[in-house]
Amino acid sequence: MISLLLLLLQLQLLLLRLLLRLLLLLLLLLLLLLLLLLLLLLLLLRAVFACGAVLTFAPADYDKECAPALVKIALDAGQVVPPWLLKYKSTKAGKQWKVANAVLKAA
C-alpha cells in the first residue's frame, strides 16, 4: 500500500515537472512572438518614416532634355542638387520631359 502511494506521489511529481516545463515553453513561445511583433513594428516604422538619398548617373550631353524635370523633382523632395546639375535647370526640356508634369509622388 505504501509503495503504491509512493508511486502515485512520484507520478504526481513527474506530472508537475512536465507541466512546469510546458509552462516555461509556452512562456518562451510568447516571448518569441512578442519579439517578432516588435520586429514587425520596427520594420513598419522604418518603412513609414524612411528617408533616403538618391544617386543619379546623368551623362551631361545625353540627358540634357530630362535634366530640368529631374532638378524640379529633386528640389521638391528637399534633396540637395549638385551645382553641375542645377545649371541644366533652365535648359529647354524635351517633349517627353515637361517640367510641369514632373511631380513628386508619395510612395
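Notes on the structure in this doc start here.

Within the largest apolar cluster, six residues are counted, these being A67, V71, A74, V81, L85 and Y88. With three residues, helix α2 (residues 67-76) is the single largest residue contributor to this core. Beyond its immediate stretch of four places on either side in the chain, V71 contacts V81, L85, L86 and K89.

The next subject is the pattern of salt bridges. All told, the structure shown has one salt bridge when counted by the stated rule. We note a salt bridge from K72 to D76, for which the minimum N-O separation is 2.9 Å. A residue pair is termed a helical-turn pair when its members lie 3 or 4 positions apart in one helix, as K72 and D76 do in helix α2 at four residues. On the accessibility criterion, K72 (27% relative accessible area) is partly exposed. For D76, a relative accessible area of 43% corresponds to the partly exposed category.

Here is what the cut-offs are and how they apply
- Residues numbered from 1 in each chain as written.
- Predicted model: local features only at pLDDT ≥ 70, side-chain atom pairs only at ≥ 80, totals over all residues.
- Heavy atoms only, no water.
- Core = buried A, V, L, I, M, F, W, Y, C linked by side-chain atoms within 4.5 Å.
- Buried < 20%, exposed > 50% of the residue type's maximum accessible area, 1.4 Å probe, protein only.
- Helix = DSSP H or I, 4+ residues; strand = E, 2+ residues; numbered from the N terminus.
- Contact = heavy atoms within 4.5 Å.
- Salt bridge = Lys/Arg side-chain N within 4 Å of Asp/Glu carboxyl O.

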